[in-house]
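Below are the chains, spelled out letter by letter.
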Amino acid sequence: MEYKQRQGLGENIRILKYFLKLTHSISKSHIPTLLLSSFLKSAIPFLNIIVPKFIIDELIGQQRTEIFVQFIAILILGNFVLNITNRWFDKRVKIANEKMMYSFDTLISEKIVDMDFENIENPEILDLKERALFAIYNHGTIERLIENIAKAVSEIITMIGLIAIIFTLNGFIVLVILAIIALNSKIFDKLQKLSFEEGQKAVPANRAFAYFGTLTSDFSLGKDIRLYNIAPIILSKSSRFHTDIVAINTRHCRTEGKYNGLTNINLQFQMVLVYAYLTYRVFIEALSIGSFTMYASAISSFSTSVSSFINTFIEINQLCRYLDLFIQFEQLESKNQAGDRSLEEQDQYVIEFCNVSFKYPKNKDYTLKNISITIKHGEKLSLVGLNGAGKTTFIKLLTRLYEPTEGEILLNGINISEYKYDEYMKIFSVVFQDFKLLAFTIKENISLDDHNTASDESIFEVMREVGLEKEISKLEKGVNTSIYKRFDKKGIEFSGGQSQKLAIGRALYKDAPIVVLDEPTAALDPIAEYEIYNKFNDLVGNKIAIYISHRMSSCKICDKIAVFHRGEIIQYGNHDELIKDDNMQYAKMFKSQSQYYV
Ligand SMILES: Nc1ncnc2c1ncn2[C@@H]1O[C@H](COP(=O)(O)OP(=O)(O)OP(=O)(O)O)[C@@H](O)[C@H]1O
């Protein structure tokens, strides 16, 4: 999936509409506040252009103290009131922007969590995600877009007022200024396009650089980094990508310098023309000094406003490109989460794999081939096989992390993809090999979504079931102790086996009707493993339980065993049936392992 560059006014309007709608849904008062603030900002230039004309004319002309003081008072008071009000609005806009950024942050996090699992492993999607995040965080797209929209409104109002003043002098002068501004805008537009292209070129290097940056601060890698001396290779890779990023930025800064120099030369030329014309009018047509000052100031402000407006317009155009990346990311479909059939509580669950074959995205070969198996209600099934045989992949399909390439998986006779995703997920308690504990308390790690209502006793009961009651009893805060020391000095660091017991406890607490343990006991000592399996079968009761384990002894407690080999089920039956066939894989695996125990 390549990211698409969509351009044009129609596209920009679509993007801005999406953005304004989103902004409005986050805060109803934000857009009106911005508009009001823009109106007030555009009033300041007029005050400082028109009032000084009267002050100067009064000074040079009749010199009436009373009138002079009145104009000075209007100028000072007007500026004071407008500045205070603008500051107040700025503060409100700033707070509202923070709120907006937080809401965008939340949207991005929700999107990442809802993304199809296979996308998490797709480099193109990861690049798009990176482009979207880079746009939002590194370029401050949201804040800049809001600022620029407000600025554009304020500049339009200012320009209309200034044109009205300058026309009273000469309409032609307006055209000359516009021509020079058009030239400068062309230069700015070119610069913005270059800037966007350079920014996009830097995305892969930025992603790699950020990855190596997180490696050094990832505590869980601390042991490996020290024991295998990984730091030099991490730092050398990180430094290589950093050099690439610096080279891209240096190139961009040089180009920016050249283009900005050219724009300034044009502006100086314009001012020379304007002053020459005004001086001519003062000497030949007796234009007053007050009017001279007012027109000079109005023309200068007009030129600044038009350039600034066109630059704002071009910048909005560029920001729309960045925002479009965010929208493309936001609109990625989550096809695995489709399904609207309700999965109300059922008395019985039967799972059927019907001729299921599966290839990982972008893989040429099938990882699972023509799998057909039925798991009856209450059945305990053990999946065994050599490394890479496809056991975990079988579970990933069952839990809708991936969709079968061919064939279908049924739950109670209905294709699992038809069920509502959240309801389907509720019927599984899964412990994967690479389970993760979080830097939360023990209770939160076990009860997760339920942590506000779960009682300490119910968590302690689960800890007792997995054999952790002694360890927990010793802790000052019991089940409310934090895991890891990341946020709490008194946090606990569990051993690998203890962590695995906790992960199993989490599955037990969920009390779902289908339990899957994917090598959950690899880090447990033999006694703990024996206890857990025996206990588990009691605790699981008449639920479906699927175990994946390389400890063949666990197969004995199961009703059925499926032996996987290179993506196929080559043997299926109970222990007594399969052990008889000496020449087949099950008996070989079982016997080769049991000789170490006898
Ligand atoms: N995300 C992935 N993308 C591509 N190939 C994958 C992916 N995950 C696993 N595989 C491949 O699929 C095959 C089956 O892997 P799987 O994890 O299902 O095996 P397993 O039987 O559970 O192995 P083990 O006993 O080592 O855990 C392996 O060849 C593996 O390299």
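Residues numbered from 1 in each chain as written. Predicted model: local features only at pLDDT ≥ 70, side-chain atom pairs only at ≥ 80, totals over all residues. Heavy atoms only, no water.

Where an unreviewed UniProt entry is consulted, the protein chain appears under the name ATP-binding cassette, subfamily C, with the organism given as Proteiniborus ethanoligenes. Recorded in UniProt under Subcellular location (unreviewed entry), the annotation for the protein chain is "Cell membrane". (UniProt positions renumbered as here; feature names shortened; annotations may be inferred.)

1. Brief notes about unusual backbone geometry
Positive phi outside glycine occurs at Asn370, with the angle close to 50 degrees. Checked against the element boundaries, Asn370 lands in strand β2 (residues 368–375). One non-glycine residue, Asp511, adopts positive backbone phi at about 55 degrees. Assignment of secondary structure puts Asp511 in the loop between α16 (496–510) and β7 (514–518). (Helix = DSSP H or I, 4+ residues; strand = E, 2+ residues; numbered from the N terminus.)

2. Considerations on the nonpolar core
In this structure, Ile142, Ile165, Phe302, Leu323 and Phe326 are the most contacted members of the largest nonpolar core, which totals 55 residues. Every element with two or more residues in this core is listed here: α1 (9–26), α2 (30–60), α3 (65–114), α5 (123–138), α6 (141–167), α7 (171–217), α9 (231–285) and α10 (289–330). Ranked by residue count, the leading element in this core is α10, at 17 residues. Within the second largest apolar cluster, 34 residues are counted, among which are Leu398, Ile409, Ile427 and Ala562. (Core = buried A, V, L, I, M, F, W, Y, C linked by side-chain atoms within 4.5 Å. Buried < 20%, exposed > 50% of the residue type's maximum accessible area, 1.4 Å probe, protein only.)

3. Brief notes about the packing of aromatic side chains
How two aromatic rings sit relative to each other is given by the distance of their centres and the angle of their planes. Taken as a whole, this structure holds 16 aromatic pairs when the rule is applied. Measuring from ring centre to ring centre gives 4.9 Å for Phe358 and Tyr360, while their planes differ by 75 degrees; the resulting arrangement is edge-to-face. Three or more aromatic residues link up through ring pairs in this structure, and these residues are Phe117, Phe358, Tyr360 and Tyr402. Positioned above the aromatic ring of Phe54, the side-chain terminus of Lys53 is 5.5 Å from the ring centre. A cation sits over an aromatic face here: Lys359 above Tyr366, 4.9 Å from the ring centre. (Phe/Tyr/Trp six-rings, centres within 6.5 Å; stacked < 30°, edge-to-face > 60°. Lys NZ or Arg CZ within 6 Å of the ring centre and 35° of its normal.)

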